[in-house]
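# Observations on the model geometry
Here's the letter readout for the chains.
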Amino acid sequence: MPEETFTPLSDTQTPPTYRFFNGKEWVVSKSGKTTELKSPIDGEIVGKLQLVTHDEIDAVLEKAKQVQPLWEATPLHQRVKVMHLTADWIRHMEDYCTSLLMREIGKTTGDAKSEIVRTADLIDYIADEVISLRGETLDSDNFPGFEKGRTAIVEWVAHGVVVCIAPFNYPVNLSASKIVPALLMGNTVVFKPPTQGGISALHLAQLFIKAGLPEGVLSVVTGSGEEIGDYLVTHKHVNMVAFTGSSDVGVHIATKTGMIPLLFECGGNNPTLVLPDADMEPTAREIIKGGFSYSGQRCTAIKYVLGTQSTLDTLLPIILANMKDTVVMGDPRSPETKLVGPVISEAAAAKVQAAVDEAVKGGAEAVAGGHTKGNYVEPTLLKNVKPQMNVVATEVFGPVISFIPVASIDEAISIINTSTYGLQASVFTKDEGTGLVIAKKINVGTVQINGSPQRGPDHFPFMGVKHSGLGVQGVRYSLEAMSRLKSTVINKPS
Ligand code: NAP
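If you look the protein chain up in an unreviewed UniProt entry, it shows as NADP-dependent glyceraldehyde-3-phosphate dehydrogenase from Candidatus Gottesmanbacteria bacterium GW2011_GWB1_44_11c. Quoted verbatim from the Sequence similarities (unreviewed entry) field of the UniProt record, the comment on the protein chain reads "Belongs to the aldehyde dehydrogenase family."

This next bit is on helix α4 (residues 109–129). Compared with the 30 Å implied by 1.5 Å per residue over 21 residues, the 30 Å span of α4 between its first and last C-alpha is a close match. Listing the buried residues of α4 in full gives Ala112, Glu115, Ile116, Thr119, Ala120, Leu122, Ile123, Asp124, Ile126, Ala127 and Glu129. On its buried face, α4 sits against α2 (76–92), α3 (94–105), α5 (173–184), α6 (198–210) and α15 (475–481).

Every one of the 32 residues lining the ligand counts as a neighbour, but Ala166, Thr195, Ser246, Cys266 and Glu395 are closest to it. The separation between an oxygen atom of the ligand and a polar side-chain atom of Glu265 is 3.4 Å. Summarising the interface, the protein chains cover 88% of the accessible area of the ligand, which totals 900 Å² for the free molecule. Put simply, the parts of the chain that give the shell around the ligand at least two residues each are α7 (225–233), β10 (240–244) and α8 (247–257). By residue class, the composition of the shell around the ligand is 15 nonpolar, 12 polar and five charged. When residues are assigned to domains, the shell around the ligand turns out to be shared by domain 1 (3–266 + 470–486) and domain 2 (270–458), each giving three or more.

Attention now goes to the pattern of salt bridges. Any two side chains of opposite charge can pair, given that their charged atoms come close. If you walk through the whole model with that rule in mind, you get 18 salt bridges. The closest approach of N and O atoms between Arg118 and Asp458, which form a salt bridge, is 2.8 Å. Placement of Arg118 in helix α4 and of Asp458 in the loop between β20 (446–449) and β21 (469–470) is noted, with a sequence separation of 340 residues between them. With a relative accessible area of 18%, Asp458 lands in the buried category. Here the salt bridges do not stand alone but share partners, grouping Asp88, Arg91, Asp121 and Asp124 into one network.

Reading the values: rules and limits
- Residues numbered from 1 in each chain as written.
- Predicted model: local features only at pLDDT ≥ 70, side-chain atom pairs only at ≥ 80, totals over all residues.
- Heavy atoms only, no water.
- UniProt positions renumbered as here; feature names shortened; annotations may be inferred.
- Helix = DSSP H or I, 4+ residues; strand = E, 2+ residues; numbered from the N terminus.
- Expected span 1.5 Å × (residues − 1).
- Buried < 20%, exposed > 50% of the residue type's maximum accessible area, 1.4 Å probe, protein only.
- Contact = heavy atoms within 4.5 Å.
- Near = heavy atom within 4 Å.
- Polar contact = N/O pair within 3.5 Å; in protein donor to acceptor, adjacent residues only side chain to side chain.
- Areas by Shrake-Rupley, 256 points an atom, 1.4 Å probe, with all protein chains shown as cover.
- Nonpolar A, V, L, I, M, F, W, Y, C, P; charged D, E, K, R; others polar.
- Domains from an automatic or database assignment.
- Salt bridge = Lys/Arg side-chain N within 4 Å of Asp/Glu carboxyl O.

Spelled out as structure tokens, the structure:
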């Protein structure tokens, strides 16, 4: 795809200063303030993002509110067409978006490419699915004491204006996963991308516009969450907030918004329970992939492994042996790098290292890694970890896996269920029946049996409990969450 597609997004300086999208055009903010984004790979400046003003947020939301009924009245097949066109534009731009994503957030080429491809596939799938979403009619005489004569027409209708907020680690995919179902269900969207990752997200937004969204249906406001977040989510024109990010920010937003629908994907701190009968080779490979992909910066990353002392004594050497070929830390642009590149910033690396240091001080042992240089955190395995250590009690967003010996399955379940998080968990065993029994007792959104925690395939339901989320996502579930049921009852005059 020719680069001029993205021309309105920024000026022509190097590094470019990006604009925000007010629903009609790409503009510079009146604030006169910008934020500089550095690549986590080498500190090179990727570009600058506008800090929008409150007046600009007011104007964008006013417009979104005004055009929403018109957009909801637009025939569904037209809305579907715009989404399929967007998916086509993304595929056309695959290489450009992949290299931008890699530079902006430090993903390996493979991971960045897979995020872009998956996003196009997701958009197509949601656009296909929405066609089969229907309401229903209900007759009154089904309920005891009621005669025939009343009919309820139950329809899916839009919430109104939805604010979509995405995190740095999947700034393209987790933006589309909100924007697309929201728009298809007739909502208008005000999109707040993450600051780091924001440039890739702006490019995604441009492709929606390019595909033909009418004026005001989608707008994009940039600026740090700290500076504009509260104003945005508490605005009187906002009817719903769809957010992905940390549990701390999720809890903060939830306390601010009041009584509007919220769809939240928050932090995960995902445990893996390995039973003595597990097939240790594939289990080891799943733990490596689950813990170290994208340097452990995934909400579904494996963070700690529970097993009896003898199970862990068997498993750890197999993991270490497998890591030799499968985990190589380095510049994510290099084909030699496998799974682990830089974490998003030096501050993030320091936070991870502090949790590792605290664990080691408290008696844990680093059997691999344990050190940080700049924002490169070595792939780290910690053994003899205790559940109350920060490396387990909090979400450590880096390539660190902790191993906790337990005396019994019940003890492991109790540790998992005591956590403030509840996104996913894994159980590894050759006996799927036992896996199912254990899964029933674990209080998380999803339990994976013989697989590492993961979001896909994207039409499966995806949800967290406790501080890991609110509501359910995943193609059909997202469409339903981005709308509400409305009932109209026709009464027969007596
Ligand atoms: P974050 O710091 O919580 O930020 C997430 C988004 O919220 C960003 O766009 C951020 O903007 C914005 N934000 C910050 N403060 C805000 C406020 N007061 N009001 C409104 N918005 C605000 O998270 P992150 O570091 O980007 O992402 C990593 C976290 O996301 C991890 O905890 C990870 O587990 C979680 N995550 C969860 C899932 C899931 O599906 N459960 C998926 C991916 C990631 P700025 O960037 O401008 O600060």
